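Inside the fold
Listed below are the residues making up each chain.
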Amino acid sequence: GGAAASAWRGARPGGAALLHLQRDALRSLAFSSSAPLSLPAFEALRTSAAWAPVLRAKGFLRFAECGSYWLTLQMCGPRLEVTATRHRPGSGSGGGGEAERSSEARSSELVLIGGRRLDEAPVERW
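Residues numbered from 1 in each chain as written. Predicted model: local features only at pLDDT ≥ 70, side-chain atom pairs only at ≥ 80, totals over all residues. Heavy atoms only, no water.

Quick look at the sheet that holds strand β5 (residues 108-114)
- Read from one edge of the open sheet, five strands run β1-β5-β2-β3-β4, paired in antiparallel fashion. Taken across any chain shown, the strands that pair with only one partner, and hence form the sheet edges, are β1 (27-33) and β4 (79-85). Here the average twist between neighbouring strands, direction ignored, is 10 degrees.
- Sheet topology note: the strand β2 (residues 54-62)/β5 ladder contains six bridges and is antiparallel. Counted as the bridge partner of Gly 59 is Leu 110 from β5. (Pairing = 2+ DSSP bridges. Helix = DSSP H or I, 4+ residues; strand = E, 2+ residues; numbered from the N terminus. Axes fitted to C-alpha atoms, helices over the stretch in contact; angles between N-to-C directions.)

Structure, rendered in structure tokens:
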């Protein structure tokens, strides 16, 4: 954590790393929402052509259709893993502590990594 994490965030790719990023043209998108999401809308996005460039996805998602359950989504290539829990992963035991009442604990977060055709517009409309 601490100093190593802040150093990593502040690092700028250079030399071979910059050439690698330019050649492979990987992009990342981060999405968050404080409102419960629509599961049918997410499935429509996930099965659409807009999802084709996604190589990896990870997130903690709260859907209106799932009540008090949180879904942890992890996708790498064709492998998709979804786990349901009664509380937001990483927020403690779900006992209603301060962290759980914060807006951060109520928000869904999803990070996508993909090729150069990864477009934020369909994700923002979702």
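Next comes the rest of the write-up.
So, the packing of aromatic side chains
- In this structure the tally under the stated criterion is two aromatic pairs.
- Between the aromatic rings of Phe 42 and Trp 51, the centroid separation amounts to 5.9 Å while the plane-to-plane angle is 85 degrees, which identifies the pairing as edge-to-face.
- Taking the relative accessible area as the measure of exposure, Trp 51 reaches 7% and is therefore buried.
- The interplanar angle of 50 degrees and the centroid separation of 5.7 Å between the aromatic rings of Phe 42 and Phe 63 together place this pair among those described as tilted. In this pair, Phe 42 sits in helix α3 (residues 39-46) while Phe 63 sits in the loop between β2 and β3 (70-76), placing the two residues 21 residues apart along the sequence. (Phe/Tyr/Trp six-rings, centres within 6.5 Å; stacked < 30°, edge-to-face > 60°. Buried < 20%, exposed > 50% of the residue type's maximum accessible area, 1.4 Å probe, protein only.)

What about the pattern of salt bridges?
- Taken as a whole and assessed by the stated rule, the structure comprises three salt bridges.
- When the shortest N-O distance is used, the salt bridge between Glu 120 and Arg 27 registers 2.9 Å. Separated by 93 residues along the polypeptide, Glu 120 in helix α6 (residues 120-125) and Arg 27 in strand β1 bring together distant segments of the chain.
- According to the relative accessible area criterion, Glu 120 is partly exposed, its value standing at 32%.
- Residue class for Arg 27 comes out partly exposed when judged on its relative accessible area of 31%. (Salt bridge = Lys/Arg side-chain N within 4 Å of Asp/Glu carboxyl O.)

Keep in mind that these numbers describe shape and distance, not what the molecule does.
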